[in-house]
Amino acid sequence: MPSHHLHAPLRSSTATTATISTQSFTSRLILLLTLLPLSLAALAFILQWKGNSGFMMDPTTANSRWAPQGSHIKNHEIFPGMELSVLSPKAHKSSDCSNLGRSGAPSFPYFRDWKFDFQASLRPKICITTSTSAGLDQILPWMFYHKVMGVTTFFLFVEGNAASPNTSKVLESIPGVKLIYRTTELEEQQAKSRIWNETWLSSFFYKPCNYELFVKQSLNMEMAIVMARDAGMDWILHLDTDELIHPAGAREYSLRQLLLDVPGNVDMVVFPNYVSHIVWNESSIERDDIEDPFGEVSMFKKNYDHLPKDTYFGMYKESTRGNPNYFLTYGNGKSAARVQDHLRPNGAHRWHNYMKTPNEVKLEEAAVLHYTYSKFSDLTSRRDRCGCKPTKEDVKRCFMLDFDRSAFIIASTATEEEMRNWYREHVVWGDKDLKLKLLRKSILTRIYSPMAIIQGLRESGVFSSVIQSAPTTLSRDKFLASVDSSNSSRTVASETMQSRKTIKSRENQATARKVLGLETTAVSHEAAVPPLSPPGLLVEA
């Protein structure tokens with residue numbers, strides 16, 4: 001029999017087997033491609049269902065990414081405001097900051113990935129010092145915003161509302177916060193301090209209101225330097241509670257990252273300030289009813305240092321709208337200082353060094369956002385805490401800046417309706433065409449990041465939880481200190497400090513310097529830098 005007849009059945013069987021294998025492989029591939037997307041869709045559905053059912057951890061719980069690494073509930077190391085009580089349906093306790101309550105809206109999503117790491121290895125270590133009489137509704141958003149920015153420590157010199165038991169018990173419960181009450185003992189201690197007996201600050205003595213505040217801030221800053229050094233801080237800033245750091249230009253939106261990138265030979269970093277501006281919008285014709293500046297104001301006027309000279313002077317008249325200066329208040333910004341030997345304040349806006357001229361740099365993009373006169377009530381609150389006569393001559397004793405003087409006179413002499421009209425004309429930006437023109441010229445700018453961050457903190461229940469978890473009472477000593485502060489700060493402080501300065505003689509000043517072992521040639525007496533307005537049109541000429 002021929003050989004090809006013998007192999008024919010074999011070839012036929014092999015071909016059949018190959019065909020069946022190919023079809024089987026194709027079927028399996030089709031089945032796999034069909035099941036894969038279905039499986040992924042099912043997995044996504046399950047994850048979403050678990051998230052909606054509460055199985056996925058909320059950023060406000062103790063085990064979420066809000067908590068620092070290595071935190072334990074039993075050691076109370078979790079980030080303040082992240083307690084489980086945030087998720088409890090219990091009603092919040094009453095407080096002086098009802099607008100800090102938790103919102104029903106979903107929280108700011110990026111908080112899920114942010115960490116508040118307060119470990120000792122965190123560098124650089126940044127502290128902020130302030131002198132304040134504000135309430136929790138202003139202090140808590142201000143403080144936690146800067147915690148997001150990487151600030152670990154706060155030295156709060158408190159009086160008035162800030163020193164009241166209801167406010168101070170909350171502030172004292174927050175890790176990293178140190179409260180210093182303005183008591184008689186504190187004033188006596190500061191009257192013996194180094195800068196009290198030096199001449200560079202002396203031109204601000206003997207005057208009330210803003211001058212007194214300026215001296216008080218400088219004395220507090222001197223004490224804060226010592227506390228910052230003892231706490232191992234790397235940088236110190238002085239900010240008011242109506243000011244927020246805007247770390248533009250950093251690789252991430254972080255003050256810590258910004259200062260981390262500063263060269264080691266730089267001693268001080270200057271943040272030019274931007275001033276907030278209230279605008280009219282379509283839904284509310286007149287915005288003289290701002291209650292939450294951090295959450296409602298997004299438009300700012302840029303600093304002279306961040307504008308081309310031609311733009312600044314070319315649009316100067318349109319920018320001022322008849323006000324005395326380009327900014328309503330000061331324009332020389334604030335600064336951060338590297339904590340080092342011989343550091344001293346140089347007024348509330350700058351730092352200096354006794355032994356050398358500090359290497360100072362100005363930042364090209366980062367700024368301090370100043371929410372000045374953002375609320376109509378700022379007119380009357382400034383009036384109520386200053387006992388000057390509403391005359392052009394007398395207000396010069398109380399205020400350093402022209403707009404503050406004009407505002408004080410209006411608030412002291414005008415009716416409610418007249419004050420509102422003046423406020424709309426000088427503070428609120430109601431001319432839409434002018435506003436758009438200055439926005440196009442980049443004189444005005446929109447900054448939404450602080451608003452989004454603070455709103456996210458509020459919606460996550462941080463503020464309300466901090467208030468809830470605070471102790472119900474203060475210790476007896478702290479309570480007495482706060483009462484002493486509230487009673488003495490408004491009336492006694494000015495008289496006490498002025499009287500103590502009166503009895504100080506040149507001989508006492510020389511003795512103090514001799515005790516400190518200072519050589520006259522080694523002491524720097526550069527005059528304190530006051531709040532200054534940006535350059536006017538006359539400077540251009």
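Residues numbered from 1 in each chain as written. Predicted model: local features only at pLDDT ≥ 70, side-chain atom pairs only at ≥ 80, totals over all residues. Heavy atoms only, no water.

### Focus: the sheet that holds strand β3 (residues 177-181)
Inference 1: Pairing in this open sheet of 7 strands is mixed, and the strands run β3-β2-β1-β4-β9-β6-β12 from one edge to the other. Two strands in the sheet have a free side with no partner beyond their single neighbour: β3 and β12 (360-362). Direction aside, the axes of adjacent strands within the sheet are offset by 20° on average.
Inference 2: Across 6 bridges, the pairing between strand β1 (residues 126-132) and strand β2 (residues 153-158) is parallel. Each bridged residue has a counterpart across the sheet, and for T129 the counterpart in β2 is F155.
Inference 3: Across the sheet, helix α5 (residues 210-230) lies against β1, β2, β3 and β4 (235-238), angled at about 145° from β2, the strand it touches most. (Pairing = 2+ DSSP bridges. Helix = DSSP H or I, 4+ residues; strand = E, 2+ residues; numbered from the N terminus. Axes fitted to C-alpha atoms, helices over the stretch in contact; angles between N-to-C directions. Contact = heavy atoms within 4.5 Å.)

### Side note on the state of the cysteines
Inference 1: Under the definition given, this model contains 2 disulfides.
Inference 2: Here C209 pairs with C386 through a disulfide, and the sulfurs are 1.6 Å apart. Separated by 177 residues along the polypeptide, C209 in the loop between α4 (184-190) and α5 and C386 in the loop between α10 (377-384) and α11 (395-398) bring together distant segments of the chain.
Inference 3: For C388, the disulfide goes to C398, at an S-S distance of 1.2 Å. Placement of C388 in the loop between α10 and α11 and of C398 in helix α11 is noted, with a sequence separation of 10 residues between them. (Disulfide = S-S within 2.5 Å.)

### Looking at the packing of α10 against helix α12 (residues 402-413)
Inference 1: The interhelical angle for the contact between α10 and α12, taken along N-to-C directions, is 90°, at an axis separation of 9 Å. In terms of orientation, α10 and α12 fall into the roughly perpendicular class. Contacts between α10 and α12 involve L379, R382 and R383 on the former and, on the latter, D404, A407, F408, A411 and S412.
Inference 2: Here the contact of α10 with α12 is composed, by residue class, of 4 nonpolar, 1 polar and 3 charged. (Parallel < 35°, antiparallel > 145°, perpendicular 65-115°, else oblique. Nonpolar A, V, L, I, M, F, W, Y, C, P; charged D, E, K, R; others polar.)

### A look at the nonpolar core
Inference 1: Counting 75 residues, the largest nonpolar core has L140, W142, M143, L156, L255 and F271 as the members making the most contacts within it.
Inference 2: Excluding residues that lie within four positions of it along the chain, W142 makes contacts with I128, T130, F154, L156, L239, D240, T241, E243, L244 and F294.
Inference 3: Core analysis: the second largest hydrophobic core is formed by 18 residues, C127, A228, M268 and W351 among them. (Core = buried A, V, L, I, M, F, W, Y, C linked by side-chain atoms within 4.5 Å. Buried < 20%, exposed > 50% of the residue type's maximum accessible area, 1.4 Å probe, protein only.)

### Points about the pattern of salt bridges
Inference 1: The final tally for this structure, using the stated rule, is 18 salt bridges.
Inference 2: A salt bridge links D292 to R458; the shortest N-O distance between them is 3.3 Å. Here the residue D292 occupies a position in the loop between β7 (273-279) and α7 (293-296), and R458 occupies one in helix α15 (residues 449-459), the gap between them amounting to 166 residues. The same class applies to D292 and to R458, which are both buried.
Inference 3: Residue D404 pairs with R382 through a salt bridge whose shortest N-O separation is 3.5 Å. (Salt bridge = Lys/Arg side-chain N within 4 Å of Asp/Glu carboxyl O.)

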